[in-house]
Amino acid sequence: MQQEIDLYFSKITTVFLNTYEGIIPKAVLERYPSKKRASHHYTSRLALLEALQNCGLNQFENYSDLGIVNHHHMEEAKNALVSLSHTNEFAMAAATYCEEIKSIGVDLENCSREIKPGIEKFFINEEDEIKSTLHLWCIKEAAFKAISPLYKDDKQLVLKDIAVKSNGDFKLLLEPAIDGHWKLASKEQMLFTHALILKNSQ
(Lines give C-alpha, C1' and ligand atoms only; values in the text may rest on other atoms or scores of the structure.)
Protein backbone atom coordinates (compact mmCIF):
# COMPACT_ATOMS: atom_id res chain seq x y z
CA MET A 1 0.00 0.00 0.00
CA GLN A 2 2.81 2.43 0.90
CA GLN A 3 4.46 1.89 -2.48
CA GLU A 4 1.17 2.80 -4.15
CA ILE A 5 0.89 6.00 -2.09
CA ASP A 6 4.51 6.89 -2.88
CA LEU A 7 3.66 6.49 -6.57
CA TYR A 8 0.93 9.13 -6.26
CA PHE A 9 3.32 11.50 -4.52
CA SER A 10 5.75 11.01 -7.39
CA LYS A 11 3.06 12.32 -9.76
CA ILE A 12 3.18 15.74 -8.07
CA THR A 13 5.59 18.17 -9.72
CA THR A 14 7.21 20.60 -7.28
CA VAL A 15 9.31 23.70 -7.90
CA PHE A 16 11.25 25.74 -5.31
CA LEU A 17 12.46 29.27 -6.01
CA ASN A 18 14.42 31.85 -4.07
CA THR A 19 12.31 34.92 -3.34
CA TYR A 20 12.18 37.06 -6.47
CA GLU A 21 14.17 40.29 -6.20
CA GLY A 22 13.60 41.69 -9.68
CA ILE A 23 11.00 44.13 -10.97
CA ILE A 24 7.50 43.07 -9.93
CA PRO A 25 4.67 43.86 -12.37
CA LYS A 26 2.61 46.89 -11.41
CA ALA A 27 -0.60 44.84 -11.38
CA VAL A 28 0.87 42.63 -8.64
CA LEU A 29 2.19 45.54 -6.58
CA GLU A 30 -1.24 47.19 -6.63
CA ARG A 31 -2.86 44.09 -5.09
CA TYR A 32 -0.75 44.07 -1.93
CA PRO A 33 -0.05 46.66 0.80
CA SER A 34 3.67 45.92 0.88
CA LYS A 35 6.35 45.07 -1.66
CA LYS A 36 7.35 42.11 0.54
CA ARG A 37 3.93 40.47 0.25
CA ALA A 38 3.81 41.21 -3.46
CA SER A 39 7.21 39.58 -3.87
CA HIS A 40 6.07 36.44 -2.02
CA HIS A 41 2.95 36.23 -4.17
CA TYR A 42 4.84 36.77 -7.41
CA THR A 43 7.58 34.26 -6.55
CA SER A 44 5.08 31.53 -5.74
CA ARG A 45 3.32 32.16 -9.07
CA LEU A 46 6.61 31.98 -10.96
CA ALA A 47 7.22 28.63 -9.28
CA LEU A 48 3.70 27.52 -10.22
CA LEU A 49 4.23 28.55 -13.84
CA GLU A 50 7.32 26.35 -13.98
CA ALA A 51 5.56 23.45 -12.22
CA LEU A 52 2.64 23.54 -14.67
CA GLN A 53 4.97 23.64 -17.65
CA ASN A 54 6.91 20.70 -16.20
CA CYS A 55 3.59 18.84 -16.10
CA GLY A 56 3.27 19.41 -19.84
CA LEU A 57 0.67 22.19 -19.51
CA ASN A 58 2.31 24.59 -21.92
CA GLN A 59 -0.77 26.81 -22.29
CA PHE A 60 0.40 28.55 -19.13
CA GLU A 61 3.04 30.96 -20.36
CA ASN A 62 2.69 34.12 -18.26
CA TYR A 63 1.66 35.31 -14.81
CA SER A 64 -1.62 36.57 -16.27
CA ASP A 65 -2.55 33.00 -17.26
CA LEU A 66 -2.56 31.78 -13.65
CA GLY A 67 -6.18 31.89 -12.55
CA ILE A 68 -6.54 29.60 -9.51
CA VAL A 69 -10.00 28.46 -8.36
CA ASN A 70 -10.63 27.87 -4.64
CA HIS A 71 -6.89 27.40 -3.96
CA HIS A 72 -7.38 24.05 -5.67
CA HIS A 73 -7.19 23.94 -9.45
CA MET A 74 -6.47 26.05 -12.49
CA GLU A 75 -9.33 27.98 -14.05
CA GLU A 76 -8.18 27.07 -17.56
CA ALA A 77 -7.41 23.41 -16.72
CA LYS A 78 -9.72 22.05 -14.02
CA ASN A 79 -7.86 18.74 -13.82
CA ALA A 80 -4.64 20.55 -12.94
CA LEU A 81 -4.52 20.57 -9.14
CA VAL A 82 -2.19 23.09 -7.51
CA SER A 83 -0.95 24.34 -4.14
CA LEU A 84 1.43 27.11 -3.07
CA SER A 85 3.48 28.09 -0.04
CA HIS A 86 6.31 30.49 0.81
CA THR A 87 8.65 31.71 3.53
CA ASN A 88 10.61 34.96 3.57
CA GLU A 89 13.42 33.29 1.61
CA PHE A 90 11.72 30.72 -0.64
CA ALA A 91 8.54 29.85 -2.49
CA MET A 92 7.15 26.43 -3.31
CA ALA A 93 4.55 25.42 -5.89
CA ALA A 94 3.15 21.97 -6.63
CA ALA A 95 0.99 20.78 -9.51
CA THR A 96 -0.40 17.48 -10.66
CA TYR A 97 -2.49 16.22 -13.54
CA CYS A 98 -3.09 12.78 -11.99
CA GLU A 99 -6.74 11.68 -12.38
CA GLU A 100 -6.69 9.57 -9.20
CA ILE A 101 -5.79 12.54 -6.97
CA LYS A 102 -8.70 14.68 -5.74
CA SER A 103 -6.80 17.43 -3.92
CA ILE A 104 -3.28 18.44 -2.90
CA GLY A 105 -1.71 20.78 -0.39
CA VAL A 106 1.82 21.92 0.43
CA ASP A 107 3.52 23.83 3.21
CA LEU A 108 7.01 25.27 3.43
CA GLU A 109 8.72 26.29 6.67
CA ASN A 110 12.18 27.42 7.69
CA CYS A 111 13.86 24.64 9.70
CA SER A 112 14.88 27.18 12.33
CA ARG A 113 11.32 28.44 12.90
CA GLU A 114 10.20 28.21 16.51
CA ILE A 115 6.57 27.52 17.38
CA LYS A 116 5.74 29.96 20.17
CA PRO A 117 4.95 28.34 23.53
CA GLY A 118 1.22 28.11 24.17
CA ILE A 119 0.18 28.02 20.52
CA GLU A 120 0.08 24.20 20.59
CA LYS A 121 -3.39 24.24 22.15
CA PHE A 122 -4.73 25.79 18.96
CA PHE A 123 -3.55 23.07 16.56
CA ILE A 124 -2.65 19.89 18.48
CA ASN A 125 -5.28 17.31 19.47
CA GLU A 126 -5.05 14.05 21.41
CA GLU A 127 -5.09 11.90 18.26
CA ASP A 128 -1.96 13.47 16.77
CA GLU A 129 1.04 11.13 16.74
CA ILE A 130 3.85 13.49 15.66
CA LYS A 131 5.98 14.78 18.53
CA SER A 132 7.82 17.66 16.86
CA THR A 133 5.60 20.74 16.97
CA LEU A 134 7.24 22.25 13.86
CA HIS A 135 6.84 19.02 11.90
CA LEU A 136 3.22 18.70 13.01
CA TRP A 137 2.51 22.33 12.09
CA CYS A 138 4.01 21.85 8.62
CA ILE A 139 2.02 18.65 8.04
CA LYS A 140 -1.25 20.15 9.23
CA GLU A 141 -0.84 23.28 7.09
CA ALA A 142 -0.44 21.11 3.98
CA ALA A 143 -3.32 18.82 4.99
CA PHE A 144 -5.52 21.86 5.67
CA LYS A 145 -4.91 23.12 2.13
CA ALA A 146 -5.81 19.72 0.68
CA ILE A 147 -8.97 19.40 2.80
CA SER A 148 -10.33 22.97 2.56
CA PRO A 149 -11.70 22.83 -1.02
CA LEU A 150 -13.57 19.60 -0.16
CA TYR A 151 -14.99 20.68 3.19
CA LYS A 152 -18.64 21.82 3.01
CA ASP A 153 -19.74 22.11 6.65
CA ASP A 154 -20.76 25.43 8.21
CA LYS A 155 -18.27 25.14 11.09
CA GLN A 156 -15.04 26.98 10.36
CA LEU A 157 -12.23 24.53 9.66
CA VAL A 158 -9.15 24.86 11.91
CA LEU A 159 -5.89 22.92 12.18
CA LYS A 160 -7.00 21.24 15.39
CA ASP A 161 -9.76 19.49 13.41
CA ILE A 162 -7.11 17.44 11.58
CA ALA A 163 -5.56 14.33 13.16
CA VAL A 164 -2.09 13.35 11.94
CA LYS A 165 -0.84 9.78 12.21
CA SER A 166 2.80 8.74 12.28
CA ASN A 167 2.23 6.29 9.39
CA GLY A 168 1.76 9.14 6.90
CA ASP A 169 -2.03 9.39 7.09
CA PHE A 170 -4.30 12.22 8.20
CA LYS A 171 -8.04 12.57 8.65
CA LEU A 172 -10.59 15.28 9.29
CA LEU A 173 -12.10 14.67 12.73
CA LEU A 174 -15.28 16.53 11.76
CA GLU A 175 -15.77 14.26 8.76
CA PRO A 176 -13.53 11.15 8.97
CA ALA A 177 -14.45 10.14 5.40
CA ILE A 178 -12.17 12.98 4.31
CA ASP A 179 -8.71 11.52 4.78
CA GLY A 180 -5.40 11.54 3.00
CA HIS A 181 -1.66 11.07 3.12
CA TRP A 182 1.32 13.27 3.90
CA LYS A 183 5.03 13.24 3.16
CA LEU A 184 7.51 15.41 5.06
CA ALA A 185 11.00 16.22 3.78
CA SER A 186 13.75 18.79 4.10
CA LYS A 187 15.99 20.60 1.65
CA GLU A 188 18.82 22.90 2.73
CA GLN A 189 17.25 24.98 5.51
CA MET A 190 13.68 24.27 4.37
CA LEU A 191 11.14 21.85 5.81
CA PHE A 192 8.26 21.01 3.52
CA THR A 193 5.21 18.76 3.34
CA HIS A 194 3.09 17.43 0.50
CA ALA A 195 -0.44 16.27 1.32
CA LEU A 196 -2.82 14.51 -1.03
CA ILE A 197 -6.35 13.15 -0.99
CA LEU A 198 -7.26 10.38 -3.40
CA LYS A 199 -10.58 10.19 -5.21
CA ASN A 200 -11.22 6.63 -4.01
CA SER A 201 -10.74 7.60 -0.35
CA GLN A 202 -14.21 9.10 -0.03
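Along every chain, residues carry numbers that run from 1 in the direction the sequence is written. At least 70 in pLDDT is required for a residue's local features to be given in this predicted model, at least 80 for side-chain atom pairs to be given and counted, and no such filter applies to totals for whole chains, interfaces and linings, which use all residues. Just so you know, side-chain values use all the structure's heavy atoms and leave hydrogens and water out.

1. Some details on the overall build of the protein chain
Logical step 1: Numbered from the N terminus, helices here are DSSP runs of H or I no shorter than four residues, and strands are runs of E no shorter than two. On a plain count of helices and strands, the protein chain comes out with four helices and 10 strands.
Logical step 2: Listing the helices and strands of the protein chain from first to last along the sequence gives α-β-α-α-β-β-β-β-β-α-β-β-β-β.
Logical step 3: The globule rule used for comparison is 2.2 Å times the number of residues to the exponent 0.38, while the radius of gyration itself is calculated over C-alpha atoms. Taking 17 Å as the expected radius of gyration for a compact globule of 202 residues, we find that the protein chain reaches 17 Å, a close match to that expectation.
Logical step 4: Projected onto its principal axes, the C-alpha positions of the protein chain cover 45 × 40 × 35 Å.
Logical step 5: Here the protein chain, with 202 residues, has 46% of them falling under the buried criterion.
Logical step 6: Here a residue-residue contact requires only that any non-hydrogen atoms of the pair lie within 4.5 Å. Contacts in the protein chain between residues far apart in sequence, at least 24 positions, make up 53% of those at least 6 positions apart.
Logical step 7: Surface accessibility follows the Shrake-Rupley procedure with a 1.4 Å probe radius. Residue values consider only the protein chains on display as shielding. Summed over its atoms, the accessible surface of the protein chain is roughly 10,800 Å², and 48% of this surface lies on carbon and sulfur atoms.
Logical step 8: Here the positive residues are Lys and Arg and the negative ones are Asp and Glu; neither His nor the chain ends is included. By convention, the charge on Lys lies at NZ, on Arg at CZ, on Asp at CG and on Glu at CD. The positive charge centre, built from 23 side chains, and the negative charge centre, built from 28, are 4 Å apart in the protein chain. Exposure is judged per residue with a 1.4 Å probe applied to protein chains only, and the accessible area is read against the type maximum: over 50% gives exposed, under 20% gives buried, and values in between give partly exposed.

2. Examining the sheet that holds strand β10 (residues 190-198)
Logical step 1: Pairing within the open sheet is antiparallel, and its five strands lie in the order β6-β10-β9-β8-β7. What marks the edges here is a single partner per strand, and that holds for β6 (101-110) and β7 (162-164). Averaged over all pairs of adjacent strands, the angle between strand axes in this sheet comes to 25 degrees, irrespective of strand direction.
Logical step 2: One requirement defines pairing of two strands: DSSP has to find at least two bridges between them. Direction of pairing for β7 relative to strand β8 (residues 169-172): antiparallel, over a ladder of three bridges. Of the residues in β8, the one forming a bridge with Ile-162 is Leu-172.
Logical step 3: Packing against the sheet, helix α1 (residues 2-10) makes contact with β6, β9 (179-187) and β10, and its axis sits at approximately 110 degrees to β10.
Logical step 4: Strand contacts of helix α4 (residues 133-147): β6, β7, β8, β9 and β10, with the helix running at about 145 degrees to β6, the strand carrying the most contacts. As a rule, the C-alpha atoms of each element are fitted with a line to give its axis, helices using only the stretch in contact, and angles between N-to-C directions run from 0 to 180 degrees.

3. Quick notes on the packing of aromatic side chains
Logical step 1: The rule is short: rings of Phe, Tyr and Trp, with Trp giving its six-membered ring, pair when the centres are within 6.5 Å, and they are stacked under 30 degrees, edge-to-face over 60, tilted in between. For the structure on display, the rule yields four aromatic pairs.
Logical step 2: Their ring planes at 70 degrees and their centres at 5.2 Å tell us that Tyr-20 and Tyr-42 sit as a pair that is edge-to-face. Highlighted residues: Tyr-20 in the loop between β1 (13-18) and α2 (26-29) and Tyr-42 in helix α3 (residues 35-54), separated in sequence by 22 residues.
Logical step 3: For Tyr-20, a relative accessible area of 28% corresponds to the partly exposed category.
Logical step 4: An aromatic cluster is built from Tyr-20, Tyr-42 and Tyr-63, whose rings are joined through pairwise contacts.

4. Notes on the environment of Thr-43
Logical step 1: Examined against the element boundaries, Thr-43 turns out to sit in helix α3.
Logical step 2: Looking at Thr-43, the relative accessible area reads 1%, which means it is buried.
Logical step 3: Spatially, the C-alpha atoms of Thr-43 and Tyr-20 are 5.4 Å apart, while their sequence positions differ by 23 residues.
Logical step 4: Ignoring any residue separated from it by four or fewer positions in sequence, one finds Thr-43 in contact with Leu-17, Asn-18, Thr-19, Tyr-20 and Ala-91.

5. Some remarks on α4
Logical step 1: A helix's residues, less one, multiplied by 1.5 Å, set its expected span. Between its first and last C-alpha atoms α4 spans 20 Å; for 15 residues at 1.5 Å apiece the expected length is 21 Å, and the two agree.
Logical step 2: Burial of α4 is extensive: 11 of the 15 residues sit out of reach of the surface.
Logical step 3: The complete set of buried residues in α4 reads Leu-134, Leu-136, Trp-137, Cys-138, Ile-139, Lys-140, Glu-141, Ala-142, Ala-143, Ala-146 and Ile-147.

6. Considering the environment of Lys-187
Logical step 1: Mapped onto the elements of the fold, Lys-187 is located in strand β9.
Logical step 2: Given a relative accessible area of 37%, Lys-187 falls into the partly exposed group.
Logical step 3: Between the alpha carbons of Lys-187 and Thr-14 there is a distance of 13 Å; along the sequence they are 173 residues apart.
Logical step 4: Not counting residues up to four positions away in its chain, the partners in contact with Lys-187 are Phe-16 and Phe-192.

7. Let's talk about the environment of Asn-200
Logical step 1: Along the polypeptide, Asn-200 turns up in the segment after β10.
Logical step 2: When the C-alpha atoms of Asn-200 and Glu-127 are compared, they prove to be 24 Å apart, with 73 residues separating the residues in sequence.

8. As for the sheet that holds strand β2 (residues 68-69)
Logical step 1: Strand order in this open sheet of five strands is β1-β5-β4-β3-β2, and the pairing throughout is antiparallel. Edge positions in the sheet fall to β1 and β2, since each of these pairs with one other strand and no more.
Logical step 2: Of the pairings in the sheet, the one linking β2 to strand β3 (residues 73-74) comprises two bridges and is antiparallel in character. In the sheet register, Val-69 faces β3, and the bridge partner there is His-73.
Logical step 3: Contacts from α3 reach β1, β2, β3, β4 (77-86) and β5 (90-96), with the element oriented near 145 degrees to β1.

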